[in-house]
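These are the residues of each chain, in order.
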Amino acid sequence: MKYILALDQGTTSSRAILFDRKGSIRAQAQKEFRQIYPRPGWVEQRPVDIWQSQLQVAKQALKQASANARDIAAIGITNQRETTLVWDRQTGAPIGNAIVWQDRRTSDFCDQLKHEKLSSIVQRKTGLIIDAYFSATKLHWILKNVKGALARARAGRLAFGTVDTWLIWNLTQGRTHVTDVTNAARTMLFNIHDLEWDEHLLKLFGIPREMLPEVGPTSGVLAETNLFGGTIPIAGVAGDQQAALFGQSCFEPGMAKNTYGTGCFLVLNTGNKPVRSKNKLLTTIAWKIGDRVEYALEGSIFVAGAVTQWLRDGLGVIRDSTEIERLAKSVSDNGGVYFVPAFAGLGAPHWDQHARGLIKGLTRGTTAGHLARAALEGIAYQVHDVVRAMEADSGHKLKQLRVDGGASVNNLLMQFQADVLGTLVVRPKVVESTARGAALLAGLAVGFWPDQATLAKQWEADQTFRPKMKATDRSQMLDGWNRALKQAMTG
(Lines give C-alpha, C1' and ligand atoms only; values in the text may rest on other atoms or scores of the structure.)
Protein backbone atom coordinates (compact mmCIF):
# COMPACT_ATOMS: atom_id res chain seq x y z
CA MET A 1 0.00 0.00 0.00
CA LYS A 2 1.40 3.35 -1.12
CA TYR A 3 -0.56 6.09 0.58
CA ILE A 4 -2.45 7.47 3.55
CA LEU A 5 -5.53 9.50 2.62
CA ALA A 6 -6.08 12.55 4.83
CA LEU A 7 -9.53 14.13 4.87
CA ASP A 8 -9.21 17.71 6.10
CA GLN A 9 -12.66 19.17 6.69
CA GLY A 10 -12.18 22.88 7.43
CA THR A 11 -14.45 25.79 8.22
CA THR A 12 -14.73 27.13 4.68
CA SER A 13 -13.52 24.23 2.54
CA SER A 14 -12.95 20.49 2.42
CA ARG A 15 -9.71 19.05 1.14
CA ALA A 16 -8.19 15.63 0.64
CA ILE A 17 -4.47 14.90 0.46
CA LEU A 18 -2.58 11.70 -0.32
CA PHE A 19 0.71 11.29 1.59
CA ASP A 20 3.41 8.77 0.73
CA ARG A 21 5.78 6.99 3.15
CA LYS A 22 8.19 9.94 3.12
CA GLY A 23 5.37 12.22 4.31
CA SER A 24 5.32 13.99 0.94
CA ILE A 25 2.12 15.13 -0.77
CA ARG A 26 1.35 13.07 -3.88
CA ALA A 27 -2.13 14.41 -4.74
CA GLN A 28 -4.61 16.90 -3.33
CA ALA A 29 -7.99 18.43 -4.03
CA GLN A 30 -9.98 21.19 -2.35
CA LYS A 31 -13.53 22.53 -2.56
CA GLU A 32 -15.09 25.52 -0.82
CA PHE A 33 -18.68 25.37 0.38
CA ARG A 34 -21.29 27.91 1.37
CA GLN A 35 -21.43 29.69 4.71
CA ILE A 36 -24.87 30.76 5.95
CA TYR A 37 -25.46 33.86 8.12
CA PRO A 38 -29.16 33.86 9.14
CA ARG A 39 -28.75 36.72 11.64
CA PRO A 40 -25.90 38.88 12.93
CA GLY A 41 -23.58 36.65 14.97
CA TRP A 42 -25.11 33.41 13.64
CA VAL A 43 -23.05 31.10 11.40
CA GLU A 44 -24.40 27.89 9.88
CA GLN A 45 -23.50 25.28 7.27
CA ARG A 46 -25.56 22.65 5.45
CA PRO A 47 -24.46 19.20 6.70
CA VAL A 48 -24.95 17.79 3.21
CA ASP A 49 -22.48 20.39 1.84
CA ILE A 50 -19.89 19.34 4.41
CA TRP A 51 -20.26 15.66 3.51
CA GLN A 52 -20.58 15.95 -0.26
CA SER A 53 -17.66 18.36 -0.61
CA GLN A 54 -15.46 16.03 1.44
CA LEU A 55 -16.49 12.94 -0.53
CA GLN A 56 -15.95 14.76 -3.83
CA VAL A 57 -12.39 15.88 -3.06
CA ALA A 58 -11.46 12.43 -1.71
CA LYS A 59 -12.46 10.90 -5.04
CA GLN A 60 -10.63 13.66 -6.94
CA ALA A 61 -7.39 13.08 -5.01
CA LEU A 62 -7.55 9.33 -5.67
CA LYS A 63 -8.21 9.91 -9.36
CA GLN A 64 -5.37 12.43 -9.58
CA ALA A 65 -2.93 9.79 -8.27
CA SER A 66 -4.52 6.97 -10.30
CA ALA A 67 -5.08 5.26 -6.94
CA ASN A 68 -7.79 2.95 -5.66
CA ALA A 69 -8.72 1.41 -2.30
CA ARG A 70 -5.94 -1.21 -2.56
CA ASP A 71 -3.35 1.62 -2.59
CA ILE A 72 -4.64 3.23 0.62
CA ALA A 73 -3.33 1.86 3.92
CA ALA A 74 -5.67 4.01 6.03
CA ILE A 75 -7.74 7.18 6.20
CA GLY A 76 -7.03 9.96 8.69
CA ILE A 77 -9.67 12.58 9.45
CA THR A 78 -9.18 16.07 10.82
CA ASN A 79 -11.92 18.63 11.15
CA GLN A 80 -13.19 22.03 12.21
CA ARG A 81 -13.95 21.55 15.90
CA GLU A 82 -16.98 22.45 18.04
CA THR A 83 -19.29 22.75 15.01
CA THR A 84 -22.46 20.95 16.07
CA LEU A 85 -24.71 18.62 14.06
CA VAL A 86 -27.77 16.56 14.94
CA TRP A 87 -29.35 13.95 12.66
CA ASP A 88 -31.94 11.16 12.63
CA ARG A 89 -30.42 7.75 13.35
CA GLN A 90 -32.81 5.91 11.03
CA THR A 91 -32.71 8.15 7.98
CA GLY A 92 -29.38 9.91 8.47
CA ALA A 93 -31.16 13.19 7.69
CA PRO A 94 -30.01 16.28 9.67
CA ILE A 95 -32.73 17.98 11.70
CA GLY A 96 -31.30 21.39 10.76
CA ASN A 97 -28.15 23.17 9.70
CA ALA A 98 -24.85 22.68 11.47
CA ILE A 99 -24.14 25.44 14.00
CA VAL A 100 -20.55 26.53 13.33
CA TRP A 101 -17.93 27.11 16.03
CA GLN A 102 -17.93 30.86 15.21
CA ASP A 103 -21.66 31.18 16.00
CA ARG A 104 -22.51 33.47 18.96
CA ARG A 105 -26.24 32.83 19.41
CA THR A 106 -25.76 31.25 22.83
CA SER A 107 -23.74 34.13 24.33
CA ASP A 108 -26.55 35.19 26.67
CA PHE A 109 -26.99 31.60 27.89
CA CYS A 110 -23.24 31.48 28.58
CA ASP A 111 -23.49 34.72 30.57
CA GLN A 112 -26.30 33.13 32.60
CA LEU A 113 -24.16 30.08 33.38
CA LYS A 114 -21.30 32.31 34.50
CA HIS A 115 -23.68 34.32 36.67
CA GLU A 116 -24.71 31.03 38.30
CA LYS A 117 -21.05 30.53 39.31
CA LEU A 118 -20.56 27.46 37.12
CA SER A 119 -17.30 28.54 35.48
CA SER A 120 -15.04 26.83 37.99
CA ILE A 121 -16.69 23.42 37.79
CA VAL A 122 -16.76 23.51 33.97
CA GLN A 123 -13.08 24.43 33.82
CA ARG A 124 -12.12 21.80 36.38
CA LYS A 125 -13.83 18.99 34.49
CA THR A 126 -13.29 20.02 30.86
CA GLY A 127 -10.35 22.44 30.88
CA LEU A 128 -12.56 24.91 29.00
CA ILE A 129 -13.95 28.35 29.68
CA ILE A 130 -17.71 28.81 29.37
CA ASP A 131 -18.23 30.33 25.95
CA ALA A 132 -20.56 30.09 22.94
CA TYR A 133 -17.55 28.70 21.04
CA PHE A 134 -18.04 25.16 22.37
CA SER A 135 -20.57 22.52 21.36
CA ALA A 136 -22.58 22.09 24.57
CA THR A 137 -24.55 25.34 24.42
CA LYS A 138 -25.12 24.91 20.67
CA LEU A 139 -26.58 21.44 21.24
CA HIS A 140 -28.70 22.79 24.11
CA TRP A 141 -30.03 25.46 21.73
CA ILE A 142 -30.94 22.89 19.06
CA LEU A 143 -32.80 20.68 21.53
CA LYS A 144 -34.66 23.70 22.88
CA ASN A 145 -35.54 25.35 19.55
CA VAL A 146 -36.14 22.52 17.05
CA LYS A 147 -39.67 21.23 17.57
CA GLY A 148 -39.77 17.73 19.01
CA ALA A 149 -36.00 17.37 19.08
CA LEU A 150 -35.62 16.81 22.83
CA ALA A 151 -38.26 14.07 22.93
CA ARG A 152 -36.73 12.32 19.91
CA ALA A 153 -33.28 12.58 21.49
CA ARG A 154 -34.51 11.06 24.77
CA ALA A 155 -36.06 8.23 22.79
CA GLY A 156 -32.68 7.48 21.21
CA ARG A 157 -33.77 8.55 17.73
CA LEU A 158 -31.28 11.40 17.27
CA ALA A 159 -27.50 11.39 17.03
CA PHE A 160 -25.21 14.26 17.95
CA GLY A 161 -21.80 14.72 16.46
CA THR A 162 -19.02 17.12 15.69
CA VAL A 163 -17.86 17.12 12.06
CA ASP A 164 -15.59 14.07 12.43
CA THR A 165 -18.52 12.02 13.73
CA TRP A 166 -20.75 13.19 10.86
CA LEU A 167 -18.14 12.23 8.27
CA ILE A 168 -17.55 8.79 9.80
CA TRP A 169 -21.31 8.17 10.00
CA ASN A 170 -21.57 8.84 6.28
CA LEU A 171 -18.36 7.03 5.35
CA THR A 172 -19.72 3.92 7.11
CA GLN A 173 -23.28 4.45 5.83
CA GLY A 174 -24.66 4.83 9.33
CA ARG A 175 -22.90 1.84 10.88
CA THR A 176 -20.53 3.77 13.18
CA HIS A 177 -21.28 6.60 15.60
CA VAL A 178 -17.90 7.54 17.06
CA THR A 179 -15.58 10.46 17.87
CA ASP A 180 -12.08 10.71 19.30
CA VAL A 181 -10.91 12.21 22.59
CA THR A 182 -9.64 15.46 21.04
CA ASN A 183 -13.01 16.32 19.51
CA ALA A 184 -14.92 15.11 22.57
CA ALA A 185 -12.73 17.39 24.70
CA ARG A 186 -14.06 20.43 22.80
CA THR A 187 -17.74 19.82 23.47
CA MET A 188 -17.75 21.08 27.10
CA LEU A 189 -19.44 17.76 27.98
CA PHE A 190 -16.36 15.55 28.31
CA ASN A 191 -14.25 15.06 31.44
CA ILE A 192 -10.65 15.26 30.25
CA HIS A 193 -9.33 13.55 33.40
CA ASP A 194 -11.41 10.36 33.46
CA LEU A 195 -11.99 10.43 29.65
CA GLU A 196 -15.76 9.98 29.94
CA TRP A 197 -18.88 11.95 29.05
CA ASP A 198 -19.65 13.78 32.29
CA GLU A 199 -23.07 13.00 33.78
CA HIS A 200 -23.19 16.25 35.76
CA LEU A 201 -22.51 18.36 32.67
CA LEU A 202 -25.00 16.40 30.56
CA LYS A 203 -27.64 17.16 33.19
CA LEU A 204 -26.58 20.81 33.40
CA PHE A 205 -27.00 21.31 29.64
CA GLY A 206 -30.02 19.03 29.30
CA ILE A 207 -28.29 16.62 26.89
CA PRO A 208 -29.62 13.03 26.73
CA ARG A 209 -26.70 10.59 26.84
CA GLU A 210 -28.42 8.50 24.13
CA MET A 211 -27.37 11.14 21.56
CA LEU A 212 -23.66 10.90 22.19
CA PRO A 213 -21.09 8.99 20.15
CA GLU A 214 -18.66 6.43 21.49
CA VAL A 215 -15.25 7.96 22.24
CA GLY A 216 -12.14 6.34 20.77
CA PRO A 217 -8.41 7.07 20.53
CA THR A 218 -6.81 9.66 18.25
CA SER A 219 -4.60 7.01 16.64
CA GLY A 220 -6.30 3.63 16.24
CA VAL A 221 -8.80 1.91 13.96
CA LEU A 222 -12.20 3.47 14.74
CA ALA A 223 -14.17 2.31 11.68
CA GLU A 224 -13.96 1.02 8.11
CA THR A 225 -15.35 2.45 4.89
CA ASN A 226 -16.26 0.69 1.65
CA LEU A 227 -17.13 3.80 -0.37
CA PHE A 228 -13.96 3.83 -2.49
CA GLY A 229 -14.18 0.39 -4.09
CA GLY A 230 -12.71 -1.62 -1.21
CA THR A 231 -12.36 -1.70 2.56
CA ILE A 232 -10.16 1.02 4.08
CA PRO A 233 -9.68 1.49 7.84
CA ILE A 234 -10.35 4.91 9.36
CA ALA A 235 -7.41 4.88 11.75
CA GLY A 236 -6.71 8.45 12.80
CA VAL A 237 -9.11 11.17 13.96
CA ALA A 238 -8.17 14.50 15.52
CA GLY A 239 -9.59 17.98 15.79
CA ASP A 240 -7.76 20.30 13.42
CA GLN A 241 -5.51 22.02 15.96
CA GLN A 242 -4.42 18.83 17.67
CA ALA A 243 -3.76 17.33 14.24
CA ALA A 244 -1.60 20.34 13.36
CA LEU A 245 0.36 20.01 16.63
CA PHE A 246 1.08 16.38 15.71
CA GLY A 247 1.78 17.25 12.09
CA GLN A 248 4.36 19.80 13.25
CA SER A 249 6.08 17.01 15.23
CA CYS A 250 5.61 18.91 18.50
CA PHE A 251 6.00 15.67 20.41
CA GLU A 252 7.92 17.04 23.41
CA PRO A 253 6.53 19.17 26.28
CA GLY A 254 7.27 22.85 25.67
CA MET A 255 6.99 22.64 21.88
CA ALA A 256 4.31 24.87 20.31
CA LYS A 257 2.70 25.59 16.97
CA ASN A 258 0.38 28.25 15.65
CA THR A 259 -2.03 27.65 12.79
CA TYR A 260 -3.07 30.72 10.78
CA GLY A 261 -6.42 29.69 9.35
CA THR A 262 -9.86 31.30 9.53
CA GLY A 263 -8.93 31.81 13.16
CA CYS A 264 -5.56 31.44 14.89
CA PHE A 265 -4.89 28.51 17.16
CA LEU A 266 -1.78 28.34 19.29
CA VAL A 267 -1.16 25.01 21.02
CA LEU A 268 1.60 24.06 23.48
CA ASN A 269 2.38 20.45 24.35
CA THR A 270 2.38 20.03 28.16
CA GLY A 271 3.04 16.28 28.30
CA ASN A 272 1.11 13.66 30.25
CA LYS A 273 -0.33 16.04 32.83
CA PRO A 274 -3.00 18.68 32.21
CA VAL A 275 -1.94 22.21 33.22
CA ARG A 276 -4.81 24.28 34.57
CA SER A 277 -4.53 27.77 33.17
CA LYS A 278 -4.52 30.84 35.38
CA ASN A 279 -4.48 33.12 32.33
CA LYS A 280 -7.70 32.18 30.54
CA LEU A 281 -6.20 29.61 28.21
CA LEU A 282 -7.80 26.26 27.51
CA THR A 283 -6.53 22.96 28.84
CA THR A 284 -7.25 20.27 26.30
CA ILE A 285 -6.26 16.78 25.18
CA ALA A 286 -3.46 16.75 22.60
CA TRP A 287 -3.94 13.10 21.57
CA LYS A 288 -4.42 9.57 22.80
CA ILE A 289 -2.15 6.96 21.24
CA GLY A 290 -2.66 3.49 22.67
CA ASP A 291 -3.19 4.02 26.40
CA ARG A 292 -1.02 7.16 26.50
CA VAL A 293 -2.82 10.48 26.78
CA GLU A 294 -1.00 13.77 26.35
CA TYR A 295 -2.34 17.24 27.08
CA ALA A 296 -1.91 20.76 25.75
CA LEU A 297 -2.57 24.40 26.52
CA GLU A 298 -4.42 26.25 23.77
CA GLY A 299 -5.18 29.82 22.91
CA SER A 300 -8.00 30.23 20.41
CA ILE A 301 -8.21 33.43 18.36
CA PHE A 302 -11.51 33.67 16.51
CA VAL A 303 -10.53 35.89 13.58
CA ALA A 304 -7.24 35.67 11.67
CA GLY A 305 -7.41 34.76 7.97
CA ALA A 306 -11.07 35.73 8.08
CA VAL A 307 -9.98 39.39 8.22
CA THR A 308 -8.41 38.97 4.76
CA GLN A 309 -11.67 37.49 3.49
CA TRP A 310 -13.50 40.51 4.92
CA LEU A 311 -11.15 42.95 3.17
CA ARG A 312 -11.85 41.02 -0.05
CA ASP A 313 -15.57 40.29 0.22
CA GLY A 314 -16.80 42.99 2.60
CA LEU A 315 -14.82 46.02 1.48
CA GLY A 316 -13.50 45.03 -1.93
CA VAL A 317 -10.05 46.34 -0.98
CA ILE A 318 -8.44 43.28 -2.60
CA ARG A 319 -9.72 40.92 -5.29
CA ASP A 320 -7.82 37.85 -4.08
CA SER A 321 -6.54 36.90 -0.62
CA THR A 322 -2.99 36.56 -1.93
CA GLU A 323 -2.92 40.29 -2.75
CA ILE A 324 -2.86 41.42 0.87
CA GLU A 325 0.90 41.03 1.34
CA ARG A 326 1.72 43.12 -1.72
CA LEU A 327 -0.78 45.80 -0.65
CA ALA A 328 0.61 45.87 2.91
CA LYS A 329 4.15 46.22 1.54
CA SER A 330 3.11 49.34 -0.40
CA VAL A 331 3.56 51.30 2.85
CA SER A 332 6.55 51.29 5.21
CA ASP A 333 4.50 51.10 8.42
CA ASN A 334 0.91 51.08 9.69
CA GLY A 335 0.61 54.88 9.67
CA GLY A 336 -0.71 54.79 13.24
CA VAL A 337 -3.61 52.49 12.28
CA TYR A 338 -4.54 49.59 14.57
CA PHE A 339 -7.09 46.95 13.56
CA VAL A 340 -8.74 44.78 16.23
CA PRO A 341 -10.60 42.08 14.24
CA ALA A 342 -13.11 41.15 16.94
CA PHE A 343 -15.86 40.27 14.43
CA ALA A 344 -17.00 37.35 16.61
CA GLY A 345 -15.90 38.63 20.00
CA LEU A 346 -12.42 38.03 21.41
CA GLY A 347 -11.06 34.62 22.33
CA ALA A 348 -7.98 33.87 24.43
CA PRO A 349 -6.71 35.33 26.62
CA HIS A 350 -9.43 37.99 26.83
CA TRP A 351 -12.65 35.99 26.34
CA ASP A 352 -14.93 38.93 25.71
CA GLN A 353 -17.81 37.57 23.62
CA HIS A 354 -19.36 41.04 23.37
CA ALA A 355 -16.27 42.79 21.99
CA ARG A 356 -16.57 43.95 18.38
CA GLY A 357 -14.15 44.89 15.63
CA LEU A 358 -12.43 48.28 15.71
CA ILE A 359 -10.13 50.26 13.42
CA LYS A 360 -8.31 53.06 15.26
CA GLY A 361 -6.05 55.87 14.09
CA LEU A 362 -7.58 56.72 10.71
CA THR A 363 -6.52 60.01 9.15
CA ARG A 364 -7.01 61.61 5.74
CA GLY A 365 -3.65 60.15 4.79
CA THR A 366 -4.68 56.57 5.55
CA THR A 367 -4.56 54.32 2.48
CA ALA A 368 -5.69 50.81 1.65
CA GLY A 369 -2.08 49.78 2.24
CA HIS A 370 -2.20 51.00 5.84
CA LEU A 371 -5.45 49.13 6.37
CA ALA A 372 -3.98 45.91 4.95
CA ARG A 373 -0.86 46.24 7.07
CA ALA A 374 -2.86 46.95 10.22
CA ALA A 375 -5.03 43.90 9.51
CA LEU A 376 -1.99 41.61 9.30
CA GLU A 377 -0.43 43.19 12.39
CA GLY A 378 -3.71 42.68 14.27
CA ILE A 379 -3.36 38.93 13.72
CA ALA A 380 0.20 38.96 15.07
CA TYR A 381 -0.69 41.05 18.12
CA GLN A 382 -3.41 38.58 19.09
CA VAL A 383 -0.88 35.74 18.87
CA HIS A 384 1.53 37.76 21.02
CA ASP A 385 -1.09 38.05 23.77
CA VAL A 386 -1.68 34.29 23.77
CA VAL A 387 2.06 33.45 23.81
CA ARG A 388 2.64 35.67 26.85
CA ALA A 389 -0.28 34.00 28.68
CA MET A 390 1.10 30.58 27.72
CA GLU A 391 4.56 31.41 29.03
CA ALA A 392 3.04 32.55 32.33
CA ASP A 393 1.04 29.32 32.70
CA SER A 394 3.83 26.94 31.72
CA GLY A 395 6.68 28.79 33.42
CA HIS A 396 8.82 28.52 30.27
CA LYS A 397 9.76 31.10 27.66
CA LEU A 398 8.97 29.91 24.15
CA LYS A 399 12.17 29.21 22.19
CA GLN A 400 10.52 28.93 18.80
CA LEU A 401 7.04 28.97 17.30
CA ARG A 402 6.31 26.52 14.49
CA VAL A 403 3.73 27.95 12.09
CA ASP A 404 1.38 26.60 9.45
CA GLY A 405 -1.94 27.32 7.76
CA GLY A 406 -2.84 29.51 4.81
CA ALA A 407 -1.54 32.84 6.12
CA SER A 408 1.80 31.35 7.20
CA VAL A 409 3.00 31.74 3.59
CA ASN A 410 2.76 35.52 4.08
CA ASN A 411 6.38 36.51 4.73
CA LEU A 412 5.48 40.01 5.91
CA LEU A 413 3.16 38.61 8.57
CA MET A 414 5.67 35.96 9.68
CA GLN A 415 8.48 38.51 10.02
CA PHE A 416 6.24 40.84 12.01
CA GLN A 417 5.21 37.89 14.18
CA ALA A 418 8.86 37.16 14.99
CA ASP A 419 9.47 40.86 15.65
CA VAL A 420 6.56 41.36 18.00
CA LEU A 421 7.28 38.11 19.89
CA GLY A 422 11.05 38.49 19.98
CA THR A 423 11.13 34.75 19.18
CA LEU A 424 12.09 32.55 16.23
CA VAL A 425 9.18 31.74 13.91
CA VAL A 426 9.77 28.57 11.87
CA ARG A 427 7.75 27.57 8.81
CA PRO A 428 8.01 23.93 7.64
CA LYS A 429 8.33 22.70 4.08
CA VAL A 430 4.90 21.05 4.35
CA VAL A 431 2.58 23.79 5.61
CA GLU A 432 -0.45 21.47 5.42
CA SER A 433 0.28 20.42 9.00
CA THR A 434 -3.34 19.69 9.85
CA ALA A 435 -3.77 17.13 7.07
CA ARG A 436 -0.25 15.81 7.69
CA GLY A 437 -1.09 15.23 11.35
CA ALA A 438 -4.24 13.28 10.47
CA ALA A 439 -2.23 11.17 8.03
CA LEU A 440 0.55 10.49 10.55
CA LEU A 441 -1.91 9.46 13.27
CA ALA A 442 -3.65 7.05 10.89
CA GLY A 443 -0.37 5.70 9.51
CA LEU A 444 1.01 5.00 13.00
CA ALA A 445 -2.09 2.99 13.86
CA VAL A 446 -1.71 0.60 10.91
CA GLY A 447 2.10 0.37 10.89
CA PHE A 448 2.59 2.51 7.78
CA TRP A 449 5.21 4.33 9.87
CA PRO A 450 6.94 2.52 12.73
CA ASP A 451 7.10 5.21 15.42
CA GLN A 452 7.03 8.90 16.27
CA ALA A 453 10.82 9.18 16.09
CA THR A 454 10.62 8.34 12.38
CA LEU A 455 7.96 11.04 11.92
CA ALA A 456 10.03 13.66 13.77
CA LYS A 457 12.91 13.07 11.33
CA GLN A 458 10.61 13.70 8.36
CA TRP A 459 9.70 17.20 9.57
CA GLU A 460 11.78 19.83 7.75
CA ALA A 461 12.02 23.60 8.20
CA ASP A 462 11.55 25.75 5.11
CA GLN A 463 12.27 29.22 6.49
CA THR A 464 13.16 30.70 9.87
CA PHE A 465 12.15 34.28 10.67
CA ARG A 466 14.38 35.97 13.23
CA PRO A 467 13.30 39.04 15.23
CA LYS A 468 14.80 42.30 13.94
CA MET A 469 12.71 44.95 15.70
CA LYS A 470 14.22 47.12 18.43
CA ALA A 471 12.78 46.54 21.90
CA THR A 472 11.69 50.20 22.16
CA ASP A 473 9.79 50.00 18.86
CA ARG A 474 8.14 46.76 19.95
CA SER A 475 7.05 48.29 23.23
CA GLN A 476 5.63 51.37 21.51
CA MET A 477 3.63 49.31 19.01
CA LEU A 478 2.27 47.03 21.73
CA ASP A 479 1.14 50.09 23.68
CA GLY A 480 -0.85 51.23 20.63
CA TRP A 481 -2.38 47.76 20.25
CA ASN A 482 -3.38 47.59 23.92
CA ARG A 483 -5.12 50.97 23.72
CA ALA A 484 -7.11 49.83 20.67
CA LEU A 485 -7.87 46.51 22.32
CA LYS A 486 -9.27 48.21 25.38
CA GLN A 487 -11.63 50.29 23.26
CA ALA A 488 -12.83 47.24 21.30
CA MET A 489 -13.65 45.52 24.59
CA THR A 490 -15.38 48.45 26.26
CA GLY A 491 -17.24 49.65 23.13
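Okay, so let's go over this structure.

How each quantity is defined
Here the residue numbering is sequential within each chain, running from 1 through the sequence in written order. pLDDT decides what is reported in this predicted model: residues at 70 or higher carry local features, side-chain atom pairs at 80 or more are listed and counted, and totals for whole chains, interfaces and linings draw on all residues regardless. Only hydrogens and water are set aside when side-chain values are computed; all heavy atoms of the structure are taken into account. Helix and strand labels come from DSSP, where a helix needs a run of H or I of at least four residues and a strand needs a run of E of at least two; each type is numbered from the N terminus. Both definitions apply: the radius of gyration is a C-alpha atom measure, and the globule rule equals 2.2 Å times residues to the power 0.38. To sort residues, take the accessible area from a 1.4 Å probe on protein chains only and compare it with the maximum for the residue type: under 20% means buried, over 50% means exposed, and anything in between is partly exposed. Contacts were defined at the residue level, with two residues in contact if any of their heavy atoms lie within 4.5 Å. Here the open area of atoms and residues is found with the Shrake-Rupley method and a 1.4 Å probe, where only the protein chains shown may cover a residue. Two residue types count as positive, namely Lys and Arg, and two as negative, namely Asp and Glu; His and chain ends fall outside the count. To locate a charge, take atom NZ for lysine, CZ for arginine, CG for aspartate or CD for glutamate. To estimate how far a helix should reach, multiply one less than its number of residues by 1.5 Å. Under the rule applied, a polar contact is a pair of N or O atoms within 3.5 Å (in protein, one hydrogen donor and one hydrogen acceptor; residues adjacent in sequence only if both atoms are side-chain atoms). Think of it this way: a Phe, Tyr or Trp ring, Trp meaning its six-membered ring, pairs with another when their centres are within 6.5 Å, and the plane angle makes it stacked under 30 degrees, edge-to-face over 60, tilted otherwise. Geometrically, a lysine NZ or arginine CZ counts as sitting over a ring once it is within 6 Å of the ring centre and also within 35 degrees of the ring normal.

**Overview of the overall build of the protein chain**
Stage number 1. Scanning the protein chain from terminus to terminus reveals 16 helices and 23 strands.
Stage number 2. In terms of overall dimensions, the protein chain is globule-like: its C-alpha atoms have a radius of gyration of 21 Å, near the 23 Å expected for 491 residues.
Stage number 3. Each principal axis of the C-alpha distribution contributes one length, and for the protein chain these read about 60 × 50 × 45 Å.
Stage number 4. Across the 491 residues of the protein chain, 63% fall into the buried class.
Stage number 5. When contacts within the protein chain are restricted to residue pairs at least 6 apart in sequence, those whose partners lie at least 24 apart make up 73%.
Stage number 6. Total accessible area on the protein chain is roughly 19000 Å²; 48% of this is exposed by carbon and sulfur atoms.
Stage number 7. Distance between charge centres in the protein chain, computed from 59 positive and 45 negative side chains, equals 2 Å.

**Notes on helix α12 (residues 368-394)**
Stage number 1. Taking 1.5 Å of rise per residue, 27 residues should cover 39 Å, and α12 covers 40 Å from first to last C-alpha, within 8% of that figure.
Stage number 2. One side-chain oxygen of the residue at the start of α12 lies 3.2 Å from the amide nitrogen of G369, identifying that residue as T367.

**A look at the packing of aromatic side chains**
Stage number 1. Within this structure, the stated rule accounts for 22 aromatic pairs.
Stage number 2. Geometrically, the ring pair formed by F302 and W351 is edge-to-face, given 5.8 Å between the ring centres and 75° between the ring planes. A residue pair is termed long-range when its members are at least 10 positions apart, and F302 in the loop between β18 (292-301) and α10 (305-314) and W351 in the loop between β19 (338-340) and β20 (358-360) qualify at 49 residues.
Stage number 3. Residue class for W351 comes out buried when judged on its relative accessible area of 10%.
Stage number 4. Among the aromatic residues, ring-to-ring pairing joins W101, Y133, F134, F265, F302 and W351 into one connected group.
Stage number 5. Sitting over the face of the ring of W141, R105 holds its NZ or CZ atom 4.5 Å from the ring centroid.
Stage number 6. Positioned above the aromatic ring of W459 is the side chain of R402, whose terminal nitrogen or guanidinium carbon lies 3.6 Å from the ring centre.

That's the geometry; what it means functionally is another story.
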